[in-house]
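# Understanding the architecture of this molecule
One letter stands for each residue in the lines below.
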Amino acid sequence: MLLALTLMSFTWKFQVDDWLLEREKKGIKVFTKKSRWGRLRDSKAEMLLPNAKIDELVKFISDFDNYSHWVPRCREAKVLARVSDSEFIAYMIFKSPWPVADRDCVVRVKIIRDAATGAVTIHETSEPKYINKRSDVVRIEQMFSNWRIVPQAGGLMVTNEYSTNPGGSIPDWLTNTQSVDNPFDIFTTIQNTIPSASKGKSNNK
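This section reports on the structure supplied with the text. Keep in mind that this is a model prediction, so the values were computed, not measured. (Residues numbered from 1 in each chain as written. Predicted model: local features only at pLDDT ≥ 70, side-chain atom pairs only at ≥ 80, totals over all residues. Heavy atoms only, no water.)

### Here we look at unusual backbone geometry
Under the convention used in this document: Here a strand is any run of E in DSSP of at least two residues, a helix any run of H or I of at least four, and the numbering for each starts at the N terminus.
The backbone of Lys 26 shows a phi angle near 60 degrees, a positive value even though the residue is not glycine. For Lys 26, the location among the structural elements is in the loop between strand 1 (20-25) and strand 2 (28-33). Here the phi dihedral of Arg 73 falls at roughly 70 degrees; this positive angle occurs in a residue that is not glycine. Looking at the secondary structure, you find Arg 73 in the loop between helix 2 (54-61) and strand 4 (74-84).

### Digging into the pattern of salt bridges
We count it as follows: Whenever Lys or Arg places a side-chain nitrogen within 4 Å of a carboxyl oxygen from Asp or Glu, that contact is recorded as a salt bridge.
Enumeration according to the criterion identifies eight salt bridges in this entry. A salt bridge links Glu 127 to Arg 108; the shortest N-O distance between them is 2.8 Å. Of this pair, Glu 127 sits in the loop between strand 7 (120-126) and strand 8 (138-139) while Arg 108 sits in strand 6 (residues 103-113), and the two are 19 residues apart along the sequence.

### Some details on the side chain of Glu 87
Selection criterion: By the criterion applied in these results, polar contacts are pairs of N or O atoms within 3.5 Å in which, for protein atoms, one can donate a hydrogen and the other can accept it, and in which residues neighboring in sequence qualify only through two side-chain atoms. The criterion used for residue contact is that any of the two residues' heavy atoms lie within 4.5 Å.
Within the secondary structure, Glu 87 is located in strand 5 (residues 87-94). Polar contacts involving the side chain of Glu 87 include one to the side chain of Arg 108, which spans 2.8 Å. Discounting residues that sit within four places of it in the chain, Glu 87 has contacts with Arg 82, Arg 108, Val 109 and Lys 110.

### Notes on helix 2
Just so we agree on the cut-off: Each residue's exposure class comes from its accessible area (1.4 Å probe, protein chains only) as a fraction of the maximum for that residue type: buried when under 20%, exposed when over 50%, partly exposed otherwise. This arc is built from the directions going out from the helix axis to the C-beta atoms.
Turning to helix 2, its buried residues number three or more, namely Ile 54, Leu 57, Val 58, Phe 60 and Ile 61. Buried residues of helix 2 fall within an arc of 160 degrees about the axis and therefore sit on the same side.

### What about the pairing of strand 6?
Counted only if it meets this: Strand pairing requires that DSSP identify at least two bridges connecting the strands.
With eight of eleven residues buried, strand 6 is to be regarded as a mostly interior element. In this sheet, strand 6 lies alongside strand 5 in antiparallel orientation, the contact comprising eight bridges. Bridged to Ile 89 within strand 6 is Arg 108. Strand direction decides the pairing type here: strand 6 and strand 8, joined by two bridges, are parallel. Pairing of Arg 103 across the sheet is with Val 138, part of strand 8.

Following this line, the structure appears as structure tokens:
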């Protein structure tokens, strides 16, 4: 009975926590697993930012008006409406390589602070019907992103889980590279951009 319970616990852990490590470089780890929606694999990226200030990082991640300057493939981004100091609606358009059509996405962003631990969660979910669809792009109907920023000794542990169904026809090579390259590039930009983090940036290759 003990052996059976042990085997069941290992099986349950594999089913719930079955992330596959795809890349580990510069202190950044990127994992993927089968998508909850489509062919584009879900991704999870994590890193420790030494010396980073949490308010500085939260402001950077939640500044959607500047996403087109640093988020991969984002050609347009803006905040559509402010619901409160911790909730807003944002709109983004993403470039796609020819002949794939560009995509757009409307997301509801909620910033949640844990007073007890100091941790911050930035939760993003798609709101595809918030504004009318455009004729020149394909609307992303399903998207989920969850940032988790946890203060630790010497810095911040930063994790992002991301899942999307871009819809339409997407080449296999494009879906396979985006799940790893995009989160890695985003985390690399954060390392190099946040002043307090870049001072203590890891030199791992």
